[in-house]
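# Examination of the molecular architecture
Next come the chains, spelled out residue by residue.
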Amino acid sequence: MQPEARNTLPEPWLLKLCSQLSGAQSVEAVQAIVDGLGASWLSDTQVEGVLRQLLNATEHKHLLELVLACGSWSQRLSSWLLKSFPEHLVVEFTTFIHSEILERLSLFLLFLPCAASGPERRLFLPESRSQVERIPHVLKYMADFALEETEDVNDVDEPDSDGFVIGKKRKQAQQKKARKAKKRSTSLKQQDLSRLNVTDPQTKEEASSNVEVLLVMLKSILSQYFDILQDPSVSLAIQNLFVFLPPANVGSRVNTSSQPANNPPAEGESADLVPVTPSYVQPMKAALYFESAPGLGDWRVLISSRADGHLRDPRRSDKKFFKMVIKKIAELSKGYFSKDNQRRLNKLEARFPVYEAKVADDPRRLVYQIDCIPEYDRKVERQVVKIFGIYTRAQIDKDESFWDSVGYQLSQKGETYRDRCTLTVAPNHEGNNFSIPPAEFTPQDFEEEASVTSIIPALPKEDLEGIHSLLVLEKFVTLSKELLYSIFADLEVAHVFAVTKTTTMLFKMLGIERAYTQQSEDLPVTKPRQIFVTQSRVLATRVEEYFSKLLESLAAGKKSTEELKESAEQQKQRKGGDGGLYDVDDDVTWKSGLPSKFSLLQDEHFPLFLTFERLCQLLEGDIEDTVDVIGNRNGSTKNLDPALVFSELIGVIKGSEQSLSHATGYLDMAAYRDLSHRTQHLFANQRDRIYSLFQAYMKQRRYRGESDSADRTHRILRAFDTAGVPGTKIDYLYVDEAQDNLLIDALLLRSLCRNPNGLFWAGDTAQTIAIGSSFRFNDLKAFLYRLEQRRAQSERGITQSELRTFQLTVNYRSHGGIVRCATAVIELITHFWPYAIDSLAPEKGIVDGAKPVFFGGWDTSTEQFLTTGKQIEFGARQLRDEAAKAKLRKQVGDIGLILTLYESKGLEFDDVLLYKFFEDSTVDLKQWCVVLNLVETPATRGLRVPRFDEERHAGVCSELKFLYVAITRSRKNLWIVDASGKAEPMKILWNFKGYIHCYVPGGDIPRLAVTSTPEEWTATGRTLFTNRRYLQAMHAFERAGRAREAKISKTYSLRDDARSIQRFSKESIADKRNAFSSAAESFWECAGEAKGKERRVFFHNAADCFEEAGTCDDNMEDYRRAAQAYENAKEYAPAVRLYRRTEMFDEAVQIIQTHRREVGKELASNVLEVARLFYFKNKEFGKAKALFDSVEEQLEYLEDNILLDDCHATVLAELGRHQEAAEVHMAEGRTMEAIDALLDDEDNEESKRQANNYVLQGLWERTSFSRRIEETDDAALEFLRLASKVDKDATLLSPTQKDELEMFQSLHNCDNTSWSIFRQLAYRFLNRKEAHQTVLCFDHYFIKFPSTQEITNADMVTILEDFGQYCRSFRKLILELDVTNKDTQKIFNFRPASVGNAYQIRAKTWLYRQATDLSAKVQVLERDDKFIVVSSDELQVFLKAALWQRLEQRILGENNLC
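Now for a look at the structure at hand.

Calculation rules
- Residues numbered from 1 in each chain as written.
- Predicted model: local features only at pLDDT ≥ 70, side-chain atom pairs only at ≥ 80, totals over all residues.
- Heavy atoms only, no water.
- Helix = DSSP H or I, 4+ residues; strand = E, 2+ residues; numbered from the N terminus.
- Buried < 20%, exposed > 50% of the residue type's maximum accessible area, 1.4 Å probe, protein only.
- Contact = heavy atoms within 4.5 Å.
- Areas by Shrake-Rupley, 256 points an atom, 1.4 Å probe, with all protein chains shown as cover.
- Pairing = 2+ DSSP bridges.
- Polar contact = N/O pair within 3.5 Å; in protein donor to acceptor, adjacent residues only side chain to side chain.
- Axes fitted to C-alpha atoms, helices over the stretch in contact; angles between N-to-C directions.
- Arc of directions from axis to C-beta.

Before going further, it helps to spend a moment on the overall build of the protein chain. The helix and strand tally for the protein chain stands at 61 helices and 27 strands. Residues counted as buried form 49% of the 1458 residues belonging to the protein chain. By sequence separation, contacts in the protein chain at least 24 residues apart represent 69% of the contacts at least 6 residues apart. On the protein chain, roughly 70200 Å² of surface is accessible, and the fraction owed to carbon and sulfur atoms is 49%.

Structure below.
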């Protein structure tokens, strides 16, 4: 490459560079190309642009590393990067190109083996990678801190005294708290600071200093990366990555053996295996690579799972034969293909050889083929030995024709494949000895040569089934060191074989995890965070189990013999016993070891296998406002499929990409109407009706306070927008069954992954068809592309490589005969409705098989067909709906599994009969005839072929999707029974293509199916149970004679029935409760017969059903049973919750005391608090006392709880603190109880004295001015009785108290002859200047003025003097009246009210009567049966007036008497 002009960068320079590198066939050529880059081309302003283009180059993955490592631009670019490296942070460091290059180089060098030469580099590379990962987060925190310090002066706004808002500087504690919050929001951990040797700053200056130190650290790392890249050995390794070496041509000699070949060892010679040094492979591929067993040669040996079993059997029973087999395998691996080792087993006419190898003098033989498969480490294909099994001579002779059929089948892969497998390259010679090395070839797709529609001629049906089992269902794995050692130890191991989308993802995970494990053995590297997400807990569990087994298998090669034997013994113990039968979603212990929040996940939790539901729960743990998520809630969907309608509501209106742009989280009517009819075709002509159903659904959801899965995703995404993704993002995300997720779920999942190239999405287009979903993978791909475009504009970091889609078009379930029939259905859909599904390559079966059989011509009487021969037993029959299912069951009885199309989703069977699919179709014959457009006219049998109309024939599209589901449920045999005229179009189409056999009445009916064994019925039952087809599972278990499993299945069906009952009326609510109660009782019975986890699950289900029954009418007995079941299930939190609800606090407290940790701190505290209150209210003081750690805590609790003051007093009394107890009673107005408490303190004079005070206080409260104690006043009489009991001699009473007590006794006992006692008491009080008591006694004395008849003048004088004193005392009381005076309040029996400046006047008192007199015109503020409330001023004026009036009346009355 030559410069076009000085200081001018050629416009197409990158294209030219990539083009030249693509043709480089040596390191020298690569060096010359990069040396040809003119250094003078680059100006300072162009360098960053060049670096950016190198970063984003996709044609050559490591182009940036190459240009920085060698060539004329190397020094120029590296010098510019170091010179321009930022020294003071102004914006985020991640926006600089230096950040992207550091990120790129740190990962590249970490996984480049030759870069880690020497101990210093082995330590530096992982440590620097860790620093490159951590420092940008710390830099952001430091920069934000410095900015925060700058803006700190007016950080807190507070109102001043005039109401203006002024800025006030935050206090130091507030600043510290804010910094902590900031650190949490940036997910910064203290360990990040300590690992970088920087401290948490306290000032702006410290933060700025830390920034400078960290930037210097990054600059130093970048400089060292340049030194490593430009190291000659590293530079050479990078150049080697760009060298293109074409593989050897067919027929060329390839000798990969590093040792001279030898003849096979003699019989007596040792066959000891010696280690072989493996070739170099890339880190992740090396992690997946199982090395061949030690002692094997250049030929890799693959063995089938049945061959694995054939090896393990003699290892246990015939070790001598086992050693001979291993020796023979070693000979084959070294290319010793002698006559005994490679004798052709099948005929030449079979066109593809299958060989047998003689094992010494034993009649048993190794049967194998030479296959050609891709190599792990290079882009070549290589010959391998593929062992089918070990067979006796008798078995081989019996099945001789079978191996001919195998040869015919293998020949179908094409001429190139056959030539490659049969090629023999030039042998290696040394003297008379020779060995044949394996040949290598350029990769090629053999399927392209094979005829898609060709059918193997004249192969028996039994052979086809055997071929399907051998070539499709068998798993072939490398005879690795791990596998061989496991056979020796009788230890089962798992191996890598990539055949499905799920295993493809799993092996990628395994490679990354093992690469990390290998690196971390010597170096401190960061663990990659990987998450596998799916909708099915069953799938997540199985994938995790398989992943763990693979890790164990990879570790087997490093274990000693003793360790392997120990592992095998542990494996046998784990496998002992029959597996439990329960729905895995009912296992509440699944993933119970995870934290409650996503942000709390640690490295040890990864790799993580989760359901999308569980992942959302973790994310919601970091979001406060979480609500329960509901499932399918269908409204009025008459003449519509409810499942399809709900899919439209959630998947399109609420879950589509367009919904993200609406604040409501769903499309409005206009937006929904405007959606493309092609991409959203399902209800394209019924959108108004669908939207009205959506509105009804939303109304019902809001009424119930419920949320659906789309709401949850929108809520989490809003939280991400507000606060970012909580915690640490993940590195690799694997989403299986992606079609089961909403499109908006893809945004949520993508947000969790920080690595744009760490995303892997997998799904099954057929399953998309099955659920009637509008989801397409092209839509997902387009959506993800747009997401990355927006991310690239707003963020700077690793650029995502081009999105790639891989199609797995090989069907590993069904053979070619069934696959072709199903493919014809897909072709119809893609021809007429190209936007309805993803456009994929035609699906293929690995081997051919029997054509499906179409039975037509029988009338609607089922017996005519099903009773034409011996009784038939089918694996499964499919019908359109429940009505057809019930009708058929009634006609034929117990003849096999009968499933609706909906029930068959996700299931597979050996034999399937599709019954009256077309007859029960809602689409008429004229519409079905549209499929005949793909058939030549003479074959249409006179049927009119209509012109295709998308709207008119929309129903056919849905029908074809269901037909596809029905066909693909079968593995071996498919029979279609339909006499309807509507079946003719599809029958004609299939027959025209040669895909079916047709049978009519009168012809020979082929043998359909044979009776299944109990073991097969059991296996089928478990499969049905796993797929939640409980009634069908019950049927299968009954046929297997498994009564216990049948009962469990029936119980689950009862629960499903209960859940399906809607609460529309009292009767339906009662029905729902009864149904749940029945299911609960049945689960309880099942739990009694179960053990281990199964027992816990059944008790959990019983509890859940009892609780659901309780919600129907708030039945406490149901809740009680639910609590007991939860306790039996060891789910202590819900047990405690329900025990609290049913006030069974003894049981709740017992659980908390023994299982506090499982119950949880918050719930335990809450229940104990309620239990304390419950026990105290029920006077169970002993139980309450046990809930406190000390007496002081108990008393403090009672003191703080105003509702328990009586309990507080009782406890104080029990503790001997009688006076305190009395005070508590008095504070709440319980004078009588206070006196009783003091009386219990018999020997304490102070208590007696206080009791006297309370007696008098009680008497004052029961009496008042102008009122005597009546016989009906029980309380006053009781106070008088207590007075005599407290102190009979009144020795502890003051003179005033004695007189007051005598006054009260007189108010009870007074009669005409005893009124003089009030005169005596009045003068005693007068002498002590106790005005209120004086007036009270005089007033009672003069209630009846003393008679003036028959008295002396001296007595008259005394009476008048007494009356005068009464008037003077009364007048003085009025003049000095003060309603705030305690004595005034006591004598007139009123007290302060709760409202300010007001008083309560007790009912039935003199003052109450005066105030309520209509003439008084007193303004009453409050009123009830016990008191009235008047204001202070009102009372002062009114009371004075009432007293003047009373005094006036007394004086007038005296004058009249005199």
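Having seen the structure, we can now continue with the description.
Here we have 4 strands laid out as an open sheet, ordered 24-25-27-26, and antiparallel in their pairing. Each edge of the open sheet is held by one strand with a lone partner, namely strand 24 (1390–1392) and strand 26 (1422–1423). Alignment of strand 24 against strand 25 (residues 1398–1402), held across 3 bridges, turns out to be antiparallel. The residue of strand 25 that forms the bridge with Arg1391 is Gln1400.

Our focus in this paragraph is the pairing of strand 7 (residues 381–391). Counted residue by residue, strand 7 has 11 buried out of 11 residues, so it is predominantly covered. Two strands pair when backbone bridges link them, and strand 3 (residues 300–303) and strand 7 are joined in this way by 4 bridges, in the parallel orientation. From the neighbouring strand, Ile303 faces strand 7, where its bridge partner is Ile387. Direction of pairing for strand 6 (residues 365–374) relative to strand 7: antiparallel, over a ladder of 10 bridges.

The next point concerns the environment of Ser751. For Ser751, the position within the fold is in helix 28 (residues 743–752). Overall, Ser751 belongs to the buried group, its relative accessible area being 18%. Here Ser751 is in contact with Phe720, Val725 and Lys729, once residues within four sequence places are set aside. For Ser751, the side chain forms a polar contact with the main-chain oxygen of Leu747, separated by 2.7 Å.

Right, let's get into the sheet that holds strand 13 (residues 608–611). Spatially, the 4 strands line up as an open sheet ordered 13-12-14-15, and their pairing is parallel. Strands at the two margins of the open sheet, each flanked by one partner only, are strand 13 and strand 15 (759–761). For this sheet, the mean inter-axis angle between neighbouring strands, taken without regard to orientation, is 15°. Across 4 bridges, strand 12 (residues 530–534) lies against strand 13 in parallel orientation. Each residue of the ladder has a partner; that of Thr534, found in strand 13, is Thr611.

So, about the side chain of Thr534. As for its position among the elements, Thr534 is in strand 12. The contacts of Thr534, once residues within four sequence positions are left out, are Leu539, Ala540, Leu610, Thr611, Phe612, Asp736 and Glu737.

Considered for burial, the residues of helix 11 (residues 232–240) that qualify are Val234, Ser235, Ile238 and Gln239. Buried residues of helix 11, viewed axially, fall in a sector of 140°; they line one side.

Keep in mind these values describe shape, not function.
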